[in-house]
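# Report on the structure
Chain by chain, the residues:
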Amino acid sequence: MSLKTCDLSDANEDKVAICEPMFQDFGGNIMFHGEIRTLKIFEDNTLVRQLVSEPGEGKVLVVDGGGSKRCALLGGNLAVLAAKNGWAGILIYGCIRDSEEIAAEKLGVKALGKHPKKTPKNGVGEIDVPVSFAGVRFVPGQFLYADEDGVLVSETALH
């Protein structure tokens, strides 16, 4: 079976949650999927750096940035690090910067938009806790599937 979100949605209608359409594509890979890890942060990307510095093992980092559009939670350097460390993608309820650099990486990145300002570095936030945005609850260990048509989440891996 295809891993396209439309096909997965049709075949698993009662098993998936679908995000409200608010995300733009920024990474070099438009289609990505993997097991979810989460971050709950606000206008501080210290923990983003911490997680993308670890082996990603094909996982997807879901970042609840509170929907802030006042600074960027991911930039080119962190995208390079994430791709190098084997992350499949990053979904950000917030903004990115260095969009050209991010587009050059073999990494899926979806976010609300772009902002040139970097974040302060206070190290505040929570790792691997359930987060909710875009009408969906994201729990570490669930699976995320994303492409040009949207983002969906499943309790188990879909094929």
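Scroll up for the structure.
So, a few notes on the structure that sits alongside this text. (Residues numbered from 1 in each chain as written. Predicted model: local features only at pLDDT ≥ 70, side-chain atom pairs only at ≥ 80, totals over all residues. Heavy atoms only, no water.)

### Considering the side chain of Asp64
Following the sequence through the fold, Asp64 ends up in strand β4 (residues 60-64). A polar contact of 3.3 Å, which involves the side chain of Asp64, links it to the side chain of Lys40. Excluding residues that lie within four positions of it along the chain, Asp64 makes contacts with Leu39, Lys40, Ile41, Tyr93, Val131, Ser132 and Phe133. (Helix = DSSP H or I, 4+ residues; strand = E, 2+ residues; numbered from the N terminus. Polar contact = N/O pair within 3.5 Å; in protein donor to acceptor, adjacent residues only side chain to side chain. Contact = heavy atoms within 4.5 Å.)

### Overview of the pairing of β4
For β4, the buried fraction is high: five of the five residues fall into the buried class. Relative to β4, strand β3 (residues 32-40) runs parallel, the two being bridged by five bridges. Residue pairing across strands places Thr38 opposite Val62, the latter belonging to β4. As a crossover connection, the stretch from β3 through helix α2 (residues 46-52) into β4 is right-handed. (Buried < 20%, exposed > 50% of the residue type's maximum accessible area, 1.4 Å probe, protein only. Pairing = 2+ DSSP bridges. Right-handed = clockwise from strand over helix to strand, strands pointing away.)

### Side note on a negative patch on the surface
A contiguous patch of negative charge on the surface is contributed by Asp7, Asp10, Glu13 and Asp14. On the secondary structure map, Asp10 appears in helix α1 (residues 5-11). According to the relative accessible area criterion, Asp10 is exposed, its value standing at 62%. (Patch = residues over 30% accessible without salt bridge, like charges linked within 9 Å, V, L, I, M, F, W, Y side chains within 5 Å. Areas by Shrake-Rupley, 256 points an atom, 1.4 Å probe, with all protein chains shown as cover. Salt bridge = Lys/Arg side-chain N within 4 Å of Asp/Glu carboxyl O. Lys, Arg positive; Asp, Glu negative; His and termini not counted. Charge placed at Lys NZ, Arg CZ, Asp CG, Glu CD.)

Just distances and angles here, no functional claims.
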